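Read off the chains here:
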Amino acid sequence: MPQPLLSPAPNRRKVLLQTAACTLAAGLALPQLARAQAGPIRIVVGYPPGGASDRAARLVGDRMQQLLKRPVIVDNRVGAGGRLAAQQLVNTPPDQTVLMIGNPAVMSVAPLIYKDLKFDPLTDFVPVGAVTDYDFGVAVSAALPVREVSHMLAWIRANPDKANAGVPATGSLPHFFALMVSQMAQTRVEVVGYRGSAPLLNDLIGGQIPIAFDTLDSLLPQHEGGKLRILATSGAKRSPFSPSVPTFREQGLPLVATGWNTLFAPSTTPKPMVELLAKTVLQIMQEPDTRAKFEAAKMVPVAMNQAQTAAALKAFNDQWSPVIRRSGFKPEA
């Protein structure tokens, strides 16, 4: 029976040097980690108080404070459509515990359309955990005699000079969702950008624009009030907040598209701290009480571990990047 080959004797000096280097690195990291564990946790939101991202951050932050026995502060840093917050977090010292609640506009769309972006979502941040998903919807004025997506598409083809679709902002995800629907349906619409959902919906209700694409939560109050009509939602199944409204897929367009709010940590954050935060966020989002609070705020709670969150973000980028690139959209200077 052949004898096993013996491994060569290790270089003792090399082993000692490697061990010393590892010990030194660990020793340097320990004080930073200890300080990070002692101080407050900040959750940075790139939007004003009261919006969906802010509400999600506060629901998670309140529970995180209870579980980790540390103060959790929600820090609203408004500017540049959420990009300012991300730019300010890039060089966070490792002895500070900071999270950012990010959405596709900042973490997926911005890298594709801004040449001078001062952060890279793939290298400057690590995903910690998903928090919510949200659907998009297409709506028409209640006065327009259109009740299904097929009717809307027929109207667009019959009225090419009037086929304008409003969105809450140019370069927003509803903007690219409108293009996604248009491309899949082989129709052409002129996308009109507004400065927010409020003026968009005012014009839709008033008949100044025939069609609007927006997030479902923005459309629902006026839909429920009978002032506009949501024709379809973009999820894989009907939204629990509008169960009477069919999906695009139910109406013949094989399209599923959602947005998200996800917690990210700066890549400077010590790995043990990221793992602790990820475990905590997953626990929070699995708790029935927390999920009920999100649903009461008309937000769909999501519970994913780090690996699942990263995979979902990749799938999202794979779906949306071709649409955004094909659009040729360039932000105004």
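Here is a short report on the structure shown in this document. Sequence order as written defines the numbering, with residues in each chain counted from 1. A pLDDT threshold of at least 70 governs which residues receive local features in this predicted model, and a stricter bar of 80 or more applies before side-chain atom pairs are shown or counted, although totals over entire chains, interfaces and linings include all residues. As a rule here, side-chain values come from all non-hydrogen atoms in the structure, and water together with hydrogens is ignored.

The next thing to look at is the packing of helix H7 (residues 173-185) against helix H12 (residues 306-327). Axis definition: a line fit to C-alpha positions, over the contact stretch in the case of helices; interaxial angles, taken between N-to-C directions, run 0 to 180 degrees. The way it works is that DSSP assigns letters per residue, a run of H or I at least four long becomes a helix, a run of E at least two long becomes a strand, and they are numbered from the N terminus. At their nearest, the axes of H7 and H12 sit 10 Å apart, and the two run at 85 degrees to each other. With respect to their mutual orientation, H7 and H12 come out roughly perpendicular. On H12, the residues that touch Leu173, Phe176, Phe177, Leu179, Met180 and Gln183 of H7 are Phe316, Gln319, Trp320, Val323, Ile324, Arg326 and Ser327. Partitioned by chemical class, the residues of the contact of H7 with H12 number 9 nonpolar, 3 polar and 1 charged. Every angle not falling under 35 degrees, over 145, or within 65 to 115 is termed oblique; those three ranges are roughly parallel, roughly antiparallel and roughly perpendicular. Residue contacts are defined here by distance: any two heavy atoms, one from each residue, within 4.5 Å place the two residues in contact. Polar here means any residue outside two lists: the nonpolar Ala, Val, Leu, Ile, Met, Phe, Trp, Tyr, Cys and Pro, and the charged Asp, Glu, Lys and Arg; Gly therefore counts as polar.

In this description, an aromatic ring pair is defined by two values, namely the gap between the centres and the angle between the planes. Any Phe, Tyr or Trp ring, taking Trp's six-membered ring, that has another such ring centre within 6.5 Å forms a pair; planes under 30 degrees apart are called stacked, those over 60 apart edge-to-face, and the others tilted. Counted by the stated rule, this structure contains 10 aromatic pairs. One aromatic cluster is present, built from ring pairs that chain together Tyr134, Phe136, Phe177, Phe213, Phe248, Trp260, Phe264, Phe316 and Trp320. Two conditions define a charge sitting above a ring: the NZ of Lys or the CZ of Arg must be within 6 Å of the ring centre, and it must be within 35 degrees of the ring normal. A cation over a ring is seen here: Arg83 above Tyr114, with NZ or CZ 3.9 Å from the ring centre.

A separate point is the environment of Ala265. The residue Ala265 is located in strand S9 (residues 258-266) in this model. Here the term buried applies to any residue with accessible area under 20% of the maximum for its type, exposed to any over 50%, and partly exposed to those in between, with areas from a 1.4 Å probe on protein chains only. When its relative accessible area of 0% is taken as the criterion, Ala265 is described as buried. When the C-alpha positions of Ala265 and Val90 are compared, they lie 9.5 Å apart, and in sequence the two are 175 residues distant. Discounting chain neighbours no more than four positions away, the residues touching Ala265 are Val98, Leu99, Asp124, Phe125, Val126, Val128 and Val274.

Following the sequence through the fold, Pro246 ends up in the loop between strand S8 (228-233) and S9. On the basis of relative accessible area, Pro246 is assigned to the partly exposed category, the value being 21%. Those residues in contact with Pro246, other than ones at most four positions away along the chain, are Leu231, Ala232, Thr233, Arg238 and Gln251.

Before going further, it helps to examine the pairing of strand S4 (residues 125-141). With respect to burial, S4 is a largely interior element, 14 of its 17 residues being buried. When DSSP locates at least two bridges between a pair of strands, those strands are taken to pair. Of the pairings in the sheet, the one linking S4 to S9 comprises 9 bridges and is antiparallel in character. Looking across to S9, one finds that Phe125 is bridged to Pro266. Where S4 lies against strand S10 (residues 300-301), 2 bridges are found, and the strand directions are antiparallel. When the bridges of S10 are listed, Asp133 appears paired with Val300. Where S4 lies against strand S7 (residues 211-215), 5 bridges are found, and the strand directions are antiparallel. Paired with Ala139 across the two strands is Ala212, which belongs to S7. The pairing of S4 with S8 spans 5 bridges and is antiparallel. Bridging across to S8, Ser141 finds its partner in Leu228.

So yeah, pure geometry; function would need other evidence.
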